[in-house]
Amino acid sequence: MTNAFASRPFDDLDDEFDADLDFMPPAAPVEGGDINPREPLQFTAPGVPTPVPAPTPAPVPADPVVAHPGLPVTQGPGPAPGYNPVGELVAGASAALAPQPAGLQVEVTVPRIAIHVFAERQDTLAAAERAGQDRRMSRATTQIRVGGIPGALEAYAHEPTPPLIIVECLQDPQTLLWQVDRLAEVCDAGTKVVVIGATNDIILFRELMKRGVSEYLVAPIQPLQLIAAIGGLFSDPAQPFVGRSIAFVGARGGAGASSVAHNTAYAMSERIGANTVIVDYDLPFGTAGLDFNQDPLSGIAEALGQPDRLDALLLDRMMVRCTDKLSLFAAPATLDSDWDISPDAFEEVTSQIRGTAPFVVLDLPHIWTGWMRKTLISADEVVVVATPDLASLRNAKNMIDLIRSGRPNDAPPRLVLNQVGVPGRPEIPAKDFGAALGIHPSLSIPFDAKLFGAAANNGQMILDAGGKSKAADAFQTLAQIVSRRELPMLAAPGKAAKGESKSMFAGLFKKKT
């Protein structure tokens, strides 16, 4: 599998502004959900005679399509041997769930459940172990065992079954169906079962669905494929989507991560037109309220104080609407409390807020605690903001190495160099900075003390204070990169006939049809 973010030769960077031209927004994000939620597993009730395993079938001519117990064998002229009537459909679904390029991610959430995996293949064991370590599975408890369905039968003869069982059987379809019927006798009501088999066949799939199996996967499987299947089984019909969380963190104090986060979120809402929520987690010193000229009575601190009571109505009351498409959970910015809040509260509040908008921008403080580590690793996208100096280089390397190790199935964090070109200050060149980290900087934002200072003092965003500046163009580009969406193709005044766009970066992206 290739990695689009692997180390590669760096191009010379512009001394004032540089964008990562390798970015290309995906045509359709992989949701990983099942569009047809199924009923809980309904296995054969105890007392029903167990089907006797079919004897080894006699050799059959080469032209039958497939043979199943209790199903007729198709004879005579027809498709070529081994033809699958839904091969293209299955291949398309497998391609959608196959390991994606580093820029794509499976946007699913798995609840706090116990998951037992009984595998036979070594690569299945490795894929299940890697999936269990993924950030999307952090709430679930995964146990991985060897033995396939016979191992599950032996285990559940003396213990209750968990909410989800994943079993692998590499036998022929007849044996697989017989083993599934036996497994039904030891499963508790409501248990969901995912079967991993070796046969890619629609008739077998239908027979398993009739028996109440929740999902059927064809080996070999990949970690993201398994995570997507699990997330689809436990998706909440009342919550049709889960917004992408984008965490911004500074490599050192004063790097400008909050300013980059707020301006990027504003560009996502105003230029791209996506509903966006900013969450300021810097409780004692947060500046989101100042940057947007807002002084809300309540905010993120109130939500963290009662995470178990949060619902859509309460969240709407706590956040302030800055524009039609941008909302804000402001920090209290007071020292009246020590703000000793449990990591679970931050996780629960973030999870609840993600259900309110397609994009949630997390403005994280420059501290290091348990909840900070957990938030960085669990975010869908991480943006590390650094200045071109040695302290930022050291801290950024530590952060990126930790995030990479905690997110083995995700793309590495994005690196943004801020305050580039301060007069008289020695700086590490962007090419050398990226080479030391093994990550090409996605963006370099030029230093403009007058523009940023005026915008901060007036409670404005850069797009409003200096819409034609290089910094404004930089934030529009960063908004496209992290949201994976394009700017609307609007013709500039006096250039409608030529079809030219206002944005100098419109030519970097192909408009979707």
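Caption draft 1: A look at the pattern of salt bridges. Counted according to the given criterion, the structure contains 20 salt bridges. Across the pair R121 and D123 runs a salt bridge whose closest N-O atoms are separated by 2.5 Å. By relative accessible area, R121 is classed as partly exposed at 27%. A salt bridge links D344 to K374, with the shortest nitrogen-to-oxygen separation between them at 3.8 Å.

Caption draft 2: Main features of the environment of G466. In this fold, G466 is placed in the loop between α16 (462-465) and α17 (470-483). A relative accessible area of 13% means that G466 is categorised as buried. Expressed as a C-alpha distance, the spacing of G466 and F452, which sit 14 residues apart in the sequence, is 9.1 Å. Apart from the residues lying within four places of it in its own chain, the contact partners of G466 are L451 and A472.

Caption draft 3: How the structure looks around unusual backbone geometry. Here A219 and P220 are connected by a cis peptide whose omega angle stands at 0°. Structurally, the position occupied by P220 is in the loop between β6 (215-218) and α6 (223-233). Unusually for a residue other than glycine, W339 sits at a positive phi of about 55°. Considering the arrangement of structural elements, one finds W339 in the loop between β10 (326-329) and α11 (343-353).

Caption draft 4: Just the nonpolar core, in detail. If you look at the biggest cluster of nonpolar residues, it comprises 44 residues, and the most contacted ones within it are V279, Y281, I300, F329 and I353. Sorting elements by how many residues they give to this core places helix α13 (residues 390-406) first, with five residues. The residues touching F329, leaving out its near neighbours within four places in the chain, are V277, I278, V279, D280, G299, I300, L315, M318, M319 and I353. If you look at the next biggest cluster of nonpolar residues, it comprises 38 residues, including L326, L328, V383 and V385.

Basis of the calculations
- Residues numbered from 1 in each chain as written.
- Predicted model: local features only at pLDDT ≥ 70, side-chain atom pairs only at ≥ 80, totals over all residues.
- Heavy atoms only, no water.
- Salt bridge = Lys/Arg side-chain N within 4 Å of Asp/Glu carboxyl O.
- Buried < 20%, exposed > 50% of the residue type's maximum accessible area, 1.4 Å probe, protein only.
- Helix = DSSP H or I, 4+ residues; strand = E, 2+ residues; numbered from the N terminus.
- Contact = heavy atoms within 4.5 Å.
- Core = buried A, V, L, I, M, F, W, Y, C linked by side-chain atoms within 4.5 Å.

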